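Each chain, letter by letter, is given below.
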Amino acid sequence: MALEHAILVSLLEKPGSGYELARRFDRSIGYFWTATHQQIYRVLKRMEVDGWVGAQDVPQQGRPDKREYRVADLGRAALSSWLGDPIEPESVRHDLAVKIRGAAFDDPAALIGEVERHRQVHRDRLAHYLAGETRDFPGPGTAPLDPERELQHVVLRGGIAYERMMIGWLDDVLATLAKFAPAR
C-alpha cells in the first residue's frame, strides 16, 4: 500500500491539516501503517499537485492560518481503483522469531528479558486498543453503526485479536525459554 492511500482514507474519514493528519497517524492509523510527519507533508504536497486532494487556508484565532486538506474527485477515483486491485497476502517478517530460532545456537535463556519486553509492548498496545474500543464504540444492544464506523471497528477488532495472539505466543516462547534458564 502506498502512503497516499492511507492519507486518502484518513482524509475521507475527516478532512484536516497536515499536522492533524500526522497526529492521526501517531494515534490510530500508525498502528497499521507508519509514516513520519515529513513523509506525510511531502506526500500531501504531491497529492495536491496531482489533484488528488484540495486545500484551503482556514483562519484561526491567535494562531497562523492552517491549511486544511480534503479529498478531491481524482483522489476518490484513485482510492476506488486501488480498492479494486488485488494485493498479496502479508508475509511475516519477524526479527524476534529469527532471534528465538537462533538462540538454539547460543544461550536461549538470554532472550527472556527481550521477549518479556516485547510482551509488555503488546500488552500496552492491547490496553490502548481496548480503551479506544470502550471510548469510541458502543456496546451490545445499541443502535447499529454506520458503515464507516463499523469498518473502523472491525479493523480495531483485528488489532485487538492480533495483540492477544502475540501475547499468547510470547507467553509460549517464555515458557519454552524458561526450560533453559538455570535453576534459582
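Residues numbered from 1 in each chain as written. Predicted model: local features only at pLDDT ≥ 70, side-chain atom pairs only at ≥ 80, totals over all residues. Heavy atoms only, no water.

What about the pairing of strand E3 (residues 63-71)?
Looking at chain direction, strand E1 (residues 16-17) and E3 are connected through two bridges and run antiparallel. For Ser17, the partnering residue across the bridge sits in E3 and is Glu68. Between strand E2 (residues 53-60) and the antiparallel strand that follows it, E3, lie two residues; Gly62 among them carries a positive phi value of about 70°. (Pairing = 2+ DSSP bridges. Helix = DSSP H or I, 4+ residues; strand = E, 2+ residues; numbered from the N terminus.)

Re the environment of Leu44
Its location among the elements puts Leu44 in helix H3 (residues 37-49). Of the residues examined, Leu44 reaches a relative accessible area of 1% and is grouped as buried. Spatially, the C-alpha atom of Leu44 lies 8.4 Å from that of Tyr69, the residues being 25 residues apart in sequence. When sequence neighbours within four positions are dropped, the list of residues in contact with Leu44 reads Ile7, Leu11, Gly18, Leu21, Val53 and Tyr69. (Buried < 20%, exposed > 50% of the residue type's maximum accessible area, 1.4 Å probe, protein only. Contact = heavy atoms within 4.5 Å.)

Thoughts on helix H1 (residues 3-13)
For H1, the buried fraction is high: eight of the eleven residues fall into the buried class. Tucked inside the fold, the buried residues of H1 contact E1, helix H2 (18-27), H3, E2, E3 and helix H4 (73-84).

Thoughts on the environment of Gln39
For Gln39, the location among the structural elements is in helix H3. Gln39 gets classed as partly exposed once you look at its relative accessible area, which sits at 32%. Considered as a pair, Gln39 and Ala22 are 17 residues apart in the sequence and their alpha carbons are 9.4 Å apart. A distance of 2.6 Å separates a polar side-chain atom of Gln39 from the backbone nitrogen of Thr36. (Polar contact = N/O pair within 3.5 Å; in protein donor to acceptor, adjacent residues only side chain to side chain.)

Here's the deal with the sheet that holds E2
Ordered in space as E1-E3-E2, the three strands form an open sheet in which the pairing is antiparallel. The open sheet has two edge strands, E1 and E2, and neither has a second partner. Alignment of E2 against E3, held across seven bridges, turns out to be antiparallel. Directly across from Gln60, in E3, lies its bridge partner Arg63.

Digging into the packing of H1 against H4
Look at H1 against H4: their axes get within 10 Å of each other, and the N-to-C directions meet at 120°. With respect to each other, H1 and H4 are oriented oblique. In this structure, H1 meets H4 at a crossing whose hand is left-handed. The residues of H4 that touch H1, namely those facing His5, Leu8, Val9 and Leu12, are Gly75, Arg76, Ala78, Leu79 and Trp82. (Axes fitted to C-alpha atoms, helices over the stretch in contact; angles between N-to-C directions. Parallel < 35°, antiparallel > 145°, perpendicular 65-115°, else oblique. Left-handed = near helix turned anticlockwise from the far one by under 90°.)

A look at the pattern of salt bridges
Per the counting criterion, the structure on display carries ten salt bridges. Lys66 serves as the salt-bridge partner of Glu20, at 2.7 Å between the closest nitrogen and oxygen. Note that Glu20 is positioned in helix H2 and Lys66 in strand E3, a separation of 46 residues in sequence. Note on Glu20: relative accessible area 28%, which makes it partly exposed. With its nearest N and O atoms 3.2 Å apart, the salt bridge here joins Arg67 to Asp57. Of the two residues, Arg67 sits in strand E3 while Asp57 sits in strand E2, which places them ten residues apart along the sequence. Residue class for Arg67 comes out partly exposed when judged on its relative accessible area of 33%. One network of salt bridges, in which partners are shared, links Glu48, Asp57 and Arg67. (Salt bridge = Lys/Arg side-chain N within 4 Å of Asp/Glu carboxyl O.)

Section: the nonpolar core
Counting residues in each nonpolar core, the largest one holds 18 residues, and the members touching the most others are Ile7, Leu11, Leu21, Phe25, Ile40, Leu44 and Val53. Residue assignment for this core shows that the elements contributing at least two residues are H1, H2, H3 and E3. At five residues, H1 tops the list of elements feeding residues into this core. Beyond its immediate chain neighbours, meaning those up to four positions away, Val53 contacts Leu8, Leu11, Leu44, Met47, Glu48, Tyr69, Arg70, Val71 and Ala72. Core analysis: the next-biggest nonpolar cluster, separate from the first, contains ten residues, Leu96, Ala103, Ile112 and Val115 among them. (Core = buried A, V, L, I, M, F, W, Y, C linked by side-chain atoms within 4.5 Å.)

Distances and angles like these do not, on their own, reveal function.
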